[in-house]
Amino acid sequence: MSALRDDEIRLLLKFLRGQIQDSAKLAFIEDELRSDFGAEFLREPEILSYFRTETISISNLSDIWKLKIIAYTQMRMTQRGIKIGEIINLFERFLKFCESENQIISVGAYTIFGKSNISGSLITLRIDVDKAEETENEAHTVTVFIGRGNIAQTTEINLIS
């Protein structure tokens, strides 16, 4: 059982009002979000269907990365007020850091800690690198949140300076 904070509920409802035209359905969702089981309700496929998956191409000198921001991450970004520009910036900094340290990015899980240049808050971005080759690189976000998160079974990259 886990309740959501009021600010998170407001951010989610603001987004969902632009997605849902049926006021009864929106009222039902609001009641569920405000309940003691609001955090669990967010994991329902019905809610995730309102958040779209987006793929962004990011160039880093000779490499081109396709970063897929999945629906779950989009929902978490909305819930926490994190802008897509902050995620792109953090991922670009991760790529530059690995290049400057001569670290090879290989297939696997990474947890990236960094400060947002917009809000200045600490953000944890969890990504999985799906493909890392000379011609094509692909990764997808697993989740994102404000603060320091769990690094279990991942490679930690700390960009906090």
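Residues numbered from 1 in each chain as written. Predicted model: local features only at pLDDT ≥ 70, side-chain atom pairs only at ≥ 80, totals over all residues. Heavy atoms only, no water.

Student: Hey, could you run me through the packing of helix H1 (residues 6-17) against helix H2 (residues 23-34) in this one?
Tutor: When two helices pack together, their arrangement is given by the angle between the helix axes and by the axis-to-axis distance. Packing of H1 against H2 brings their axes to within 10 Å, and their N-to-C directions diverge by 160°. With respect to each other, H1 and H2 are oriented roughly antiparallel. Seen from above, H1 lies across H2 with right-handed handedness. Of H2, the residues touching H1 (which contributes Asp6, Ile9, Leu12, Leu13, Leu16 and Arg17) are Leu26, Ile29, Glu30, Leu33 and Arg34. Residue composition of the contact of H1 with H2, grouped by class: seven nonpolar, no polar and four charged. (Axes fitted to C-alpha atoms, helices over the stretch in contact; angles between N-to-C directions. Helix = DSSP H or I, 4+ residues; strand = E, 2+ residues; numbered from the N terminus. Parallel < 35°, antiparallel > 145°, perpendicular 65-115°, else oblique. Left-handed = near helix turned anticlockwise from the far one by under 90°. Contact = heavy atoms within 4.5 Å. Nonpolar A, V, L, I, M, F, W, Y, C, P; charged D, E, K, R; others polar.)

Student: What should I look at first to understand the pattern of salt bridges in this one?
Tutor: Charged atoms that come close allow side chains of opposite charge to pair. Summed over all chains, the structure comprises seven salt bridges. Arg5 is the salt-bridge partner of Asp7, the closest N and O atoms lying 3.0 Å from each other. Taking relative accessible area as the criterion, Asp7 reaches 32% and is therefore assigned partly exposed. Residue Glu136 pairs with Lys131 through a salt bridge whose shortest N-O separation is 3.4 Å. (Salt bridge = Lys/Arg side-chain N within 4 Å of Asp/Glu carboxyl O. Buried < 20%, exposed > 50% of the residue type's maximum accessible area, 1.4 Å probe, protein only.)

Student: What is the right way to look at the environment of Tyr110 in this model?
Tutor: On the secondary structure map, Tyr110 appears in strand E3 (residues 108-115). For Tyr110, a relative accessible area of 5% translates into the label buried. Considering only alpha carbons, one finds Tyr110 and Ser23, 87 residues apart in sequence, at a separation of 40 Å. If sequence neighbours within four positions are ignored, Tyr110 has contacts with Phe94, Ile104, Ile105, Leu125, Arg126, Ile127, Val129, Thr154, Thr155 and Ile157. Separated by 2.9 Å, the side chain of Tyr110 and the backbone nitrogen of Ser106 make a polar contact. (Polar contact = N/O pair within 3.5 Å; in protein donor to acceptor, adjacent residues only side chain to side chain.)

Student: What is the right way to read the packing of aromatic side chains from this model?
Tutor: How two aromatic rings sit relative to each other is set out by the distance from centre to centre and by the angle between their planes. Within this structure, the stated rule accounts for five aromatic pairs. Between Phe15 and Phe51, the ring centres sit 4.6 Å apart and the planes meet at 10°, which makes this aromatic pair stacked. With a gap of 36 residues between them, Phe15 in helix H1 and Phe51 in the loop between helix H4 (45-48) and strand E1 (54-60) connect regions that are remote in the sequence. On the basis of an interplanar angle of 80° and a centroid distance of 6.2 Å, the ring pair of Phe28 and Phe41 is categorised as edge-to-face. One end of the pair, Phe28, is in helix H2; the other, Phe41, is in helix H3 (residues 38-41), and 13 residues separate them in sequence. Here Phe41 falls in the buried class, since its relative accessible area comes to 9%. (Phe/Tyr/Trp six-rings, centres within 6.5 Å; stacked < 30°, edge-to-face > 60°.)

Student: Just to check I follow, could you spell out the confidence of the model for the protein chain for this structure?
Tutor: Overall, the prediction assigns the protein chain a mean pLDDT of 89, with 96% of residues at 70 or greater. Confidence, read as mean pLDDT per element, is least for strand E6 (residues 155-158) in the protein chain (85) and greatest for H1 (96). (pLDDT = per-residue confidence, 0-100.)

Student: How do you make sense of the sheet that holds strand E4 (residues 122-132) when you look at a structure like this?
Tutor: Strand pairing in a sheet relies on backbone hydrogen bonds, with the paired strands running either antiparallel or parallel. Pairing is mixed in the open sheet, where six strands are placed in the order E1-E2-E5-E4-E3-E6. Edge positions in the open sheet fall to E1 and E6, since each of these has one partner strand only. For this sheet the average axis-to-axis angle between neighbouring strands, irrespective of direction, equals 30°. The sheet contact formed by E1 and strand E2 (residues 63-69) spans seven bridges and is antiparallel. Residue pairing in the sheet places Glu54 in a bridge with Ile69 of E2. On the sheet, helix H5 (residues 71-80) packs against E1, E2 and strand E5 (137-146) and is oriented at approximately 30° with respect to E5. Sheet strands in contact with helix H6 (residues 84-100) are E1, E2, E3, E4, E5 and E6, and its direction is about 35° off that of E1. (Pairing = 2+ DSSP bridges.)

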